Amino acid sequence: MMCVMAAVMEGPLADLSSWQAVDCSIAKAMELVGTRSAVLILREAYYGTRRFDGFASRVGITDAAAAAQLRKLTEAGLLAKEPYQEEGKRTRHEYVLTRMGRDLLPAVLALMQWGDAYLQPGPAPLLLVEEATGAPVRVEVRSATGEEIELEELGIRVNESYLQQRRQRPE
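These notes cover the structure that comes with them. (Residues numbered from 1 in each chain as written. Predicted model: local features only at pLDDT ≥ 70, side-chain atom pairs only at ≥ 80, totals over all residues. Heavy atoms only, no water.)

Following both chains from N to C, one finds helix H2 (residues 36-47) and helix H4 (residues 63-76) inclined at 70 degrees, their axes separated by 10 Å at the closest point. By the criterion of interaxial angle, the relationship of H2 to H4 is roughly perpendicular. Residue-level contacts link Ser37, Ala38, Ile41 and Leu42 of H2 to Ala66, Gln69, Leu70 and Leu73 of H4. Partitioned by chemical class, the residues of the contact of H2 with H4 number six nonpolar, two polar and no charged. (Axes fitted to C-alpha atoms, helices over the stretch in contact; angles between N-to-C directions. Helix = DSSP H or I, 4+ residues; strand = E, 2+ residues; numbered from the N terminus. Parallel < 35°, antiparallel > 145°, perpendicular 65-115°, else oblique. Contact = heavy atoms within 4.5 Å. Nonpolar A, V, L, I, M, F, W, Y, C, P; charged D, E, K, R; others polar.)

Time to look at the nonpolar core. In summary, soluble globular proteins display a tendency toward joint burial of nonpolar side chains. Counting residues in each nonpolar core, the largest one holds 13 residues, and the members touching the most others are Val33, Ile41, Phe55, Leu70, Leu73, Leu78 and Leu79. Counting residues per element, the ones that place at least two in this core are helix H1 (25-33), H2, helix H3 (52-59) and H4. At four residues, H2 tops the list of elements feeding residues into this core. Ignoring anything within four residues of it in the chain, the contact list for Val33 reads Ala38, Val39, Leu42, Leu73, Leu78 and Leu104. (Core = buried A, V, L, I, M, F, W, Y, C linked by side-chain atoms within 4.5 Å. Buried < 20%, exposed > 50% of the residue type's maximum accessible area, 1.4 Å probe, protein only.)

Further remarks concern the environment of Ala80. Structurally, the position occupied by Ala80 is in strand E2 (residues 79-85). Along the backbone, Ala80 and Leu97 are 17 residues apart, and their C-alpha atoms lie at a distance of 6.3 Å. Sequence-distant contacts of Ala80, that is, excluding residues within four places in its chain, are made with Glu94, Tyr95, Val96 and Thr98.

Here Gln69 is to be found in helix H4. At a separation of 3.3 Å, a polar atom in the side chain of Gln69 contacts the side chain of Ser37. In this structure, Gln69 is in contact with Thr35, Ser37, Ala38 and Ile41, ignoring residues within four places of it in sequence. (Polar contact = N/O pair within 3.5 Å; in protein donor to acceptor, adjacent residues only side chain to side chain.)

Note that Arg157 resides in the loop between strand E4 (155-156) and helix H7 (160-168). Residues Arg157 and Glu10 lie 147 residues apart in sequence; the distance between their C-alpha atoms is 5.0 Å. Apart from the residues within four sequence positions on either side, Arg157 is in contact with Glu10 and Leu13. Engagement of the side chain of Arg157 in a polar contact is seen with the side chain of Glu10, the distance being 2.6 Å.

Our next topic: the packing of aromatic side chains. Describing an aromatic ring pair means giving the distance of the ring centres and the angle of the ring planes. Enumeration according to the criterion identifies two aromatic pairs in this entry. Centroid distance Phe55 to Tyr95: 6.1 Å. Interplanar angle 80 degrees. Geometry classified as edge-to-face. On the criterion of sequence distance, the pair formed by Phe55 in helix H3 and Tyr95 in strand E3 (residues 91-97) is long-range, its members being 40 residues apart. Here Phe55 and Tyr95 have matching classes, each one buried. Just above the ring of Tyr84 sits the side chain of Arg51; from NZ or CZ to the centre is 3.7 Å. (Phe/Tyr/Trp six-rings, centres within 6.5 Å; stacked < 30°, edge-to-face > 60°. Lys NZ or Arg CZ within 6 Å of the ring centre and 35° of its normal.)

Structural data, given as structure tokens:
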């Protein structure tokens with residue numbers, strides 16, 4: 001028999017049947033980046049791809065799909081368009097990561113790390129290392145004190161600041 005462990009739901013969250021996940025940040029994030037092409041476009045931006053043709057060809061999607069995803073990610077603020085001009089040609093735009101886009105890196109690397117562990121039939125195709133030292137890099141859940149936190153040690157509680165702001169919203 002497998003022992004099922006979960007996060008520690010605190011206070012009013014302990015009774016899962018008594019509340020709904022209203023304004024769920026995970027749901028909002030998935031609305032924005034929850035497609036294969038969106039995550040792979042971000043992967044390519046992390047790898048250094050900046051131009052439209054590069055995204056479409058490296059992700060293996062149509063120009064229309066690439067345009068739609070790049071527009072969505074740009075409008076949401078994960079990417080920014082910057083003009084460039086090759087000699088003798090018209091001005092075009094390339095896509096660069098914003099702070100918001102860079103801050104999503106741990107989530108994308110966590111997906112990669114999970115895929116390496118559970119979906120690859122052999123060794124991982126790529127290694128994450130600190131460029132300067134070659135030391136392995138891992139995505140982990142840690143407290144502010146630096147301690148690694150397992151699922152069973154993770155407490156989830158209502159954010160009083162959120163509740164206060166929500167009470168002030170006009171209906």
